[in-house]
Amino acid sequence: MVIRVTHTAICGSDLWFYRGHEEHEEGAGVGHEPMGIVEEVGEDVTSVQSGDRVLVPFAYSCGECEFCRKGIHTACVDGGFFGPHGDDNGAQAEKVRVPHADGTVVRVPERYADDEDTLESLLPLTDVMSTGHHAAVLADLEAGDTAVVIGDGAVGLCGVLAAKRIGAERIIAVGHHEDRLAVARELGATDTVSSRGQEAVEEVLELTHGGANHVLECVGAASALETAAQVARPGGSIGAVGVPHVESADFLQPIFYKNLSFSAGGAPVRNYIEELMDDVLQGTLDPSPILTKTVDLDGVPEGYQAMDDREAIKVMVKIDE
């Protein structure tokens, strides 16, 4: 299947190669969060047709193998990822090829296909909103619980939204940027912590009277993992969805000695996206406030710079239709 991309985004994980922490060949395709219009379909595709507007998860999947049936689409035996972490079939482009269309794409209902406000609310479901939800699922969060969300980037803010959606009674957002923590409050955080290091840990421990049973780690840096392990209550659960960039596994020590459950992984977006889309279309979920800057395709370098400088939480790329 070939999709004409109308909306995509720049992800925090894209900044790793932008900053030179990962090496990719010049000219490699980048981007993994596309939404657009179907232009061509293979003869075996039955779920969508040319002209449909679709959402595309950051990983493609067959939908039929053992792992897809279990809802772990990111482990599909014949799947893969868009962008330089996959087959270089990047989504920050005019068009993108989608393998396994029936097992991957999700059609946007026709009545919403040209509603720009709805489309902007749906776009984060291709990655960050589904990833924030995955963190809550991995952390075993349920209605009435207290959640600590580590990270004030797009995924962390979506983790706050996910916790609110599930019905957490208390949501403590931990980050370093007051403007982003203000957004976290708007999205449902009941408390925010902007301290760093041990001071942040002590503040969370005081707020939770000894730690939280459910911690969402949404960064992937060693410091975030260490904070998550320290603020989790003995016997509690950590859901880690930040792409890990660590040189030491010291954070495993408190996880072991506190008998914590530690679950981690990339979000199987295809398993969640229809459920989350229903909430967006019903007006009970809106992750669009994380999209704080919009550029066209020529403005993508400007978008990367804005995110690298922390001037934007997440940049949406709109491509003329």
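See the structure printed just above.
Bear in mind that the values here come from a model prediction, so they are computed numbers and not experimental data. (Residues numbered from 1 in each chain as written. Predicted model: local features only at pLDDT ≥ 70, side-chain atom pairs only at ≥ 80, totals over all residues. Heavy atoms only, no water.)

Notes on the pattern of salt bridges
Then, number 1: Here the structure, examined in full by the defined rule, presents 13 salt bridges.
Then, number 2: As a salt-bridge pair, E116 and K318 come within 3.2 Å of each other at their nearest N and O atoms. Of this pair, E116 sits in helix α4 (residues 116–122) while K318 sits in strand β15 (residues 314–318), and the two are 202 residues apart along the sequence.
Then, number 3: By relative accessible area, E116 is classed as partly exposed at 24%.
Then, number 4: The closest approach of N and O atoms between D191 and R170, which form a salt bridge, is 2.9 Å. Of this pair, D191 sits in strand β10 (residues 191–193) while R170 sits in strand β9 (residues 170–174), placing them 21 residues apart in sequence.
Then, number 5: Owing to a relative accessible area of 24%, R170 belongs among the partly exposed residues under this scheme.
Then, number 6: A single salt-bridge network, built from bridges that share partners, covers R4, E39 and K95. (Salt bridge = Lys/Arg side-chain N within 4 Å of Asp/Glu carboxyl O. Helix = DSSP H or I, 4+ residues; strand = E, 2+ residues; numbered from the N terminus. Buried < 20%, exposed > 50% of the residue type's maximum accessible area, 1.4 Å probe, protein only.)

Considering empty space enclosed by the protein
Then, number 1: For the structure shown, the criterion picks out 1 cavity of 30 Å³ or more.
Then, number 2: Estimates place the volume of the largest cavity at around 50 Å³.
Then, number 3: Taken together, P57, F58, A59, S61, H73, T74, A267, P268, V269 and R270 make up the full set of residues lining the largest cavity.
Then, number 4: Each residue belonging to the lining of the largest cavity can be placed in one class, and the counts come to 6 nonpolar, 3 polar and 1 charged. (1 Å grid on protein atoms, 1.4 Å probe; cavity = no way out; pocket = protein on both sides within 12 Å on 5 of 7 lines; lining within 4 Å. Points joined across faces, edges and corners; volume = space filled by probe spheres on them. Nonpolar A, V, L, I, M, F, W, Y, C, P; charged D, E, K, R; others polar.)

A closer look at the layout of surface pockets
Then, number 1: Considering only enclosed or pocket space, the second largest pocket measures out at about 190 Å³ in volume.
Then, number 2: Surrounding the second largest pocket, M1, G42, D44, V45, C62, E64, V98, P99, H100, A101, D102 and G103 form its lining.
Then, number 3: Here the residues of the lining of the second largest pocket are counted per class, giving 6 nonpolar, 3 polar and 3 charged.

A short note on the pairing of β9
Both faces of the sheet carry side chains from a regular strand, because those side chains alternate between them.
Then, number 1: Of all the 5 residues making up β9, 4 are buried; the element is thus mostly covered by neighbouring parts of the structure.
Then, number 2: With 5 bridges connecting them, strand β8 (residues 146–150) and β9 associate as parallel partners. Following the sheet pairing, T146 is matched in β9 by R170.
Then, number 3: As for the winding sense of the linkage, the β-α-β connection from β8 through helix α6 (residues 154–166) to β9 is right-handed.
Then, number 4: Inspection of the sheet shows β9 paired to β10 by 3 bridges, in the parallel sense. Bridge pairing in β10 places I172 opposite D191. (Pairing = 2+ DSSP bridges. Right-handed = clockwise from strand over helix to strand, strands pointing away.)

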